[in-house]
Amino acid sequence: ISPVCEAKLRHVMESEGLLNDYRYWDWPSSLFFCVTVISTIGYGATAPQTQEGRWFCIAYAFFGIPLFSFALSKINSIILGIFTKLWYCVYPPDSSTSWLKYSLFVFPIIILCVLLLGGIVFVEEEGWNYGDSIYFSAITLSSIGFGDIVPESTTAQMTTTMYVMLFMGCMSGFFF
């Protein structure tokens, strides 16, 4: 953002009484907010303050949620396709119980690995304890998003954005 635009934005936000929220609207934080809207996580830590912003958010959600769901299904197909090919290398597809074994054993292992990965990453990026990091990962990927634990650093917000885009589909793939 150019210094001139930043100064104008700061002036408008100051006049609207929103200057305290200015830090939430840098590029990474804005992307983080956009992903929490279209993924329906909605942590509640950042929200539009003006009527116009709220109306825009509604329109964005109505178009963004279906598109994000479609993108998640495609990403999920790729990730699960890789795991399916690996599974069939071990258990050939001629076995009638092969898919059942896959569903009962591989999906939980994938989800456990994804949650453990999130735990490790958020311990490093936010300095949370391991329990809080895994809790955050599970609450995020299930799209509950209570908002009691929310990443504050730009790096952690960008990591969460990628984490959601890559792995939220795996969580839903286990149940469908």
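Residues numbered from 1 in each chain as written. Predicted model: local features only at pLDDT ≥ 70, side-chain atom pairs only at ≥ 80, totals over all residues. Heavy atoms only, no water.

Participant: Can you lay out the packing of aromatic side chains for me, pointing to particular residues and giving the numbers?
Facilitator: Think of a pair of aromatic rings as described by two things: how far the centres are apart, and how the planes are tilted against each other in angle. One pass over the full model with this rule turns up eight aromatic pairs. Arranged with centres 5.7 Å apart and planes meeting at 10°, the rings of Phe 32 and Tyr 43 form a pair that is stacked. Remark: Tyr 43 occurs in the loop between helix 2 (27–38) and helix 3 (51–90) and Phe 32 occurs in helix 2; sequence separation between them is 11 residues. Each member of the pair, Phe 32 as well as Tyr 43, carries the same accessibility label: buried. Summarising the aromatic geometry, the rings of Phe 122 and Phe 136 are spaced 4.9 Å apart at their centres and angled 80° between planes, so their arrangement reads as edge-to-face. (Phe/Tyr/Trp six-rings, centres within 6.5 Å; stacked < 30°, edge-to-face > 60°. Helix = DSSP H or I, 4+ residues; strand = E, 2+ residues; numbered from the N terminus. Buried < 20%, exposed > 50% of the residue type's maximum accessible area, 1.4 Å probe, protein only.)

Participant: So what about helix 3? Which residues, and what values?
Facilitator: If you check helix 3, its first and last C-alpha atoms are 56 Å apart, about what 40 residues at 1.5 Å a residue would give, namely 58 Å. Where helix 3 bends most, the angle comes to about 30°, and this point is Gly 64, followed within four residues by the proline Pro 66. For helix 3, the full list of buried residues reads Cys 57, Ala 61, Gly 64, Phe 68, Leu 72, Asn 76, Ile 79, Leu 80, Thr 84 and Trp 87. (Expected span 1.5 Å × (residues − 1). Bend = angle between axes of the 7 residues up to and from the residue.)

Participant: Requested: an account of the state of the cysteines, with residues and values cited.
Facilitator: Going through the model one piece at a time under the given rule, you end up with zero disulfides. Note on Cys 57: no disulfide assigned, nearest cysteine sulfur contributed by Cys 34 at a separation of 8.3 Å. The exposure class of Cys 57 is buried, given its relative accessible area of 17%. (Disulfide = S-S within 2.5 Å.)

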